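Chains, contacts and geometry: an overview
This is what each chain is made of:
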Amino acid sequence: VAAASGLLVVQGDTSSAGPLRLSGLKLVAGMARGEAVFHEPRIVVEHIVAEDTEAERERVYGAFRRMREQIDNMAKEAEFGTTAEHQEILETYRMFAYDEGWSRRINQAIDSGLTAEAAIERVQQRMRARMQEIDDPLLQERMHDLEDLSNRLLRIVSGRMGTAAQSGLTRDTVLVARNLGPADLLEYDRRRLKAVLLEEGSLTSHMTIVARAIGVPVIGRLNDIRHSVEEGETILVDGDNGSVIIRPTRPLATGFEQRMAMSQKRRAEFAAVRTLPAQTLDGVHVSVMVNAGLAEDAAALPMTGADGIGLFRTEFQFLVSATLPGRDRQQRLYTKVLEFAGERPVVFRTVDIGGDKALPYLTDEAEEQAENPAMGWRALRLSLDRSTLMKAQARALIEASAGKVLRVMFPMVSEPWEYEEARSLFEKQVAWAARAKRPVPTRVDYGAMLEVPSLAEMLDQLLPRLDFISIGTNDLTQFLFAADRSDPRLAQRYDWLSPAILRFLKRVLDAARAAGVPARVCGEMAGRPLEAMALIGIGAENFSITPAGVGPVKAMVRSLDAAAVRARFDQLLARPPKDMRKALTDWARRHSVTIG
Ligand code: PEP
Ligand code: MG
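Scoring rules and cut-offs
- Residues numbered from 1 in each chain as written.
- Chains lettered and ligands numbered in written order.
- Predicted model: local features only at pLDDT ≥ 70, side-chain atom pairs only at ≥ 80, totals over all residues.
- Heavy atoms only, no water.
- Helix = DSSP H or I, 4+ residues; strand = E, 2+ residues; numbered from the N terminus.
- Rg over C-alpha atoms; globule rule 2.2 N^0.38 Å.
- Buried < 20%, exposed > 50% of the residue type's maximum accessible area, 1.4 Å probe, protein only.
- Contact = heavy atoms within 4.5 Å.
- Areas by Shrake-Rupley, 256 points an atom, 1.4 Å probe, with all protein chains shown as cover.
- Near = heavy atom within 4 Å.
- Polar contact = N/O pair within 3.5 Å; in protein donor to acceptor, adjacent residues only side chain to side chain.
- 1 Å grid on protein atoms, 1.4 Å probe; cavity = no way out; pocket = protein on both sides within 12 Å on 5 of 7 lines; lining within 4 Å.
- Sits in = over half its atoms within 2 Å of the grid points.
- Points joined across faces, edges and corners; volume = space filled by probe spheres on them.
- Phe/Tyr/Trp six-rings, centres within 6.5 Å; stacked < 30°, edge-to-face > 60°.
- Domains from an automatic or database assignment.
- Pairing = 2+ DSSP bridges.
- Axes fitted to C-alpha atoms, helices over the stretch in contact; angles between N-to-C directions.
- Donors = N, O, S within 2.8 Å, 3.2 Å for Na, K, Ca; no water.
- pLDDT = per-residue confidence, 0-100.
- Expected span 1.5 Å × (residues − 1).
- Arc of directions from axis to C-beta.

When its secondary structure is counted, the chain shows 26 helices and 16 strands. Its C-alpha radius of gyration of 26 Å places the chain within 12% of the 25 Å reference for a compact globule of 596 residues. Its C-alpha atoms give the chain principal-axis dimensions of roughly 80 × 60 × 40 Å. Within the span of the chain, comprising 596 residues, buried residues form 54% of the whole. Considering only contacts within the chain whose residues lie at least 6 apart along the sequence, 72% involve residues at least 24 apart. Of the accessible surface of the chain, which amounts to about 25800 Å², a share of 50% is contributed by carbon and sulfur atoms.

Have a look at this one:
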């Protein structure tokens, strides 16, 4: 530990630096310009000279104590259910948090007459300067960890523990963070939040899905972004290419603005297609619905050009609430959503809580310790165990749908009995409402989400009981490949266009068609033109996608000959090419299919 304290540091002061271009992983497309804001803000030290040295010393002692507690707690929580990489980081944090050398140097700086904040900052700067002379990537990593801690100490000592969302955004913002949860993101003012840059992040994590839904470009896997930019500096975000320019020069900014204008023009062209029918050249009608989760999404439905909401993620209301939303609050939301949707159908999914959508007011102790929350006690599993919760949701949905058709589906059904139990709970609530002479829906359509592979083996039993089936490709692919959807290191490893996925999906689609049960694909996959083309190739005709995908997917559909792509797929799946993505891209180009 003593040795470590002598080593730390590097980078950091970028204020005198010139422009910098970084490349990461494109998570949500789009271009934006704004000023850097750190999700966990850096503190600007205002008072340098101390009035009472003893008092400052006490403040630093107290802050160290709190920081150590926080790190210990984080480490304790992380003993179960996080990656080795995360644990390693926490171990390093702990080592620094208890490093005597570091706290001693801060105390010496206080002795020289500085305030606690100024002392912490002075030591941070000195360590940084010393480290700049040593060229060792490993030590640079360590330095970042220490900078993190040093900033945490500063926030504690100055009593500013909140995120930037709490202080509010005052200008067009590019938010910078190591990682974010979906609830973190929803706390920001959407009018000001122009883009998000992450050091981690993955394509199908719920944060990314939420960002896509609200139209905020996101780039992930930007190593070191938090140490390459200062708060307030200008950042140009090219989410279409997965790159950013920090501190742009005038010519760089001009070039960027031209590309941004072109991108907007392309978007406008897609916007024009949005309202046209999604019909292929040979007359196959494709139903294009959208995924939504907030009342605002439903309000924007007419603008998306979609046929309805194919997946309403009811848990978003739970995610943005500090306390459990009761039946009344739920009902108010569902009523509003149905009103906004008008004639267009809305498919409500019962809550999918758990996994990467943990809720502080609901989390069970056992779940906190689960090693793999995505495979844990979540979604329907949790709802069936907490039947009071599910009953409340059923009543809210039933009452909100009075005099209308209620369409409801259950997430993460793994065996048919789970679907039966959930359906029976709803049926009992409908019967109860009818007996009590309350207004009831004119009809209830029940569906199951197929996102756990085991269910595909039971379709002969399940399909006759379903009014519709919805395939969630986000979870399905994570389970088929045994690859955590929120692990950034696996973000690019497996392809939705792999023959394994497409064969699997085709089997499910064929079985549903044979049973006369409508099937809809509602994962992120279907929102991308090339992937949607492949889905049509294996027989899918109903999609529920992210709103931004409606234009591009409709443009693809309208330029496609469904019979031709289906004939091609029979060959491609029988004898898969090495690179399916390339084979499909080539085919699309040759046949002038608009794939963006
Ligand atoms: C899915 O898993 O594909 C899905 C649509 O549900 P969610 O992304 O909300 O888990
Ligand atoms: Mg899912």
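Picking up after the structure, the text goes on.
Another aspect to go through is the side chain of Ser559. Considering the arrangement of structural elements, one finds Ser559 in the loop between helix 24 (550-558) and helix 25 (562-574). Not counting residues up to four positions away in its chain, the partners in contact with Ser559 are Leu281, His591, Ser592, Val593 and Thr594.

Quick look at the site of ligand 1 now. Taken together, 17 residues are adjacent to ligand 1, and Arg313, Arg349, Glu451, Asn474 and Arg485 come closest. Arg313 has a polar side-chain atom sitting 2.7 Å from an oxygen atom of ligand 1. Take Asp475: an N or O atom from its main chain is 3.0 Å from an oxygen atom of ligand 1. Against a free-state accessible area of 290 Å², the protein chains account for coverage of 100% of ligand 1. Cavity membership is defined here by more than half of the atoms lying within 2 Å of grid points; on that basis ligand 1 lies in the largest cavity. Only helix 9 (206-213), strand 10 (309-313) and helix 21 (473-480) provide two or more residues apiece to the shell around ligand 1. The element that contributes the greatest number of residues to the shell around ligand 1 is helix 21, accounting for three residues.

In the structure shown here, the tally under the stated rule is three cavities of 30 Å³ or more. Looking at the largest cavity, its volume works out to about 80 Å³. Along the wall of the largest cavity there are 16 residues; nearest its centre are Arg313, Arg349, Met449, Glu451 and Asn474. For the lining of the largest cavity, the element with the highest residue contribution is helix 21, accounting for three residues.

Glancing now at the packing of aromatic side chains. Counted by the stated rule, this structure contains seven aromatic pairs. On the basis of an interplanar angle of 65° and a centroid distance of 5.6 Å, the ring pair of Phe312 and Phe348 is categorised as edge-to-face. Linking Phe312 in strand 10 with Phe348 in strand 11 (residues 346-349), this pair joins segments that are 36 residues apart in sequence. One exposure class covers both Phe312 and Phe348, and it is buried. Aromatic pair Phe481 and Tyr494: ring centres 4.5 Å apart, planes at 15°, arrangement stacked.

Take the side chain of Ser263 next. Examined against the element boundaries, Ser263 turns out to sit in helix 11 (residues 250-274). Among the residues examined, Ser263 registers a relative accessible area of 4% and is labelled buried.

Another point: the domain arrangement of the chain. A common measure of how large an interface is: the accessible area buried when the components associate. When cut into domains, the chain gives domain 1 (20-40 + 163-253), domain 2 (53-158) and domain 3 (282-590). Averaged C-alpha coordinates put domain 2 and domain 3 at centres separated by 44 Å.

Read from one edge of the open sheet, eight strands run 1-8-7-3-4-5-6-2, paired in mixed fashion. Each end of this open sheet is capped by a strand with a single partner; those strands are strand 1 (20-23) and strand 2 (25-28). The mean angle between the axes of side-by-side strands here comes to 30°, regardless of whether they run parallel or antiparallel. Bridge analysis of strand 1 against strand 8 (residues 243-246) gives four bridges, and the strand direction is antiparallel. The partner of Arg21 across the bridge, within strand 8, is Ile245. Each of strand 2, strand 5 (193-198) and strand 6 (218-220) touches helix 9; the most contacted strand, strand 2, lies at about 60° to it. The sheet contacts of helix 11 involve strand 1, strand 3 (31-38), strand 7 (234-238) and strand 8, and relative to strand 3 the element is tilted by about 125°.

Before going further, it helps to examine the pairing of strand 9 (residues 287-292). Burial within strand 9 is extensive, with six of its six residues counted as buried. Here four bridges tie strand 9 to strand 16 (residues 542-545), and the two strands are oriented parallel to one another. Note on strand 16: the bridge partner recorded for Val288 is Phe543. Where strand 9 meets strand 10, three bridges bridge the pair, whose relative direction is parallel. In the sheet register, Ala292 faces strand 10, and the bridge partner there is Phe312.

For the magnesium ion (ligand 2), the full set of protein donor atoms is Glu451 (OE) and Asp475 (OD), and the range of their distances to it is 2.1 to 2.2 Å. Here Glu451 is found in the loop between strand 13 (443-450) and helix 20 (459-462), whereas its partner Asp475 is found in helix 21, with 24 residues between them in sequence.

The next subject is the environment of Met409. The residue Met409 is located in strand 12 (residues 405-410) in this model. Classification of Met409 by relative accessible area gives buried; the value is 0%. Non-local contacts of Met409, meaning those with residues more than four positions away in its chain, are made with Gly310, Leu311, Val347, Phe348, Arg349, Thr350, Gly447, Ala448, Met449, Phe468 and Ser470.

Per-chain confidence: the chain averages 88 in pLDDT, with 93% of residues scoring 70 or above. Segment residues 1-15: pLDDT under 50, and 53 contacts once partners within four positions in sequence are set aside and those in other chains are kept.

Right, let's talk about helix 25 for a bit. Helix length check: helix 25, at 13 residues, gives a terminal C-alpha distance of 18 Å against a target of 18 Å (1.5 Å per residue), a fit within 8%. Every buried residue of helix 25 is accounted for by Ala562, Val565, Phe569, Leu572 and Leu573. What you see down the axis of helix 25 is that its buried residues fit within an arc of 85°, all on one side. Projecting away from the buried face of helix 25 at angles above 90 degrees are the exposed residues Asp570 and Ala574. Of the surrounding elements, those touching the buried residues of helix 25 are helix 22 (499-515), helix 23 (529-537) and helix 26 (580-590). Put simply, Asp561 is the residue that caps the front of helix 25, since its side-chain oxygen is 3.2 Å from the backbone nitrogen of Ala563.

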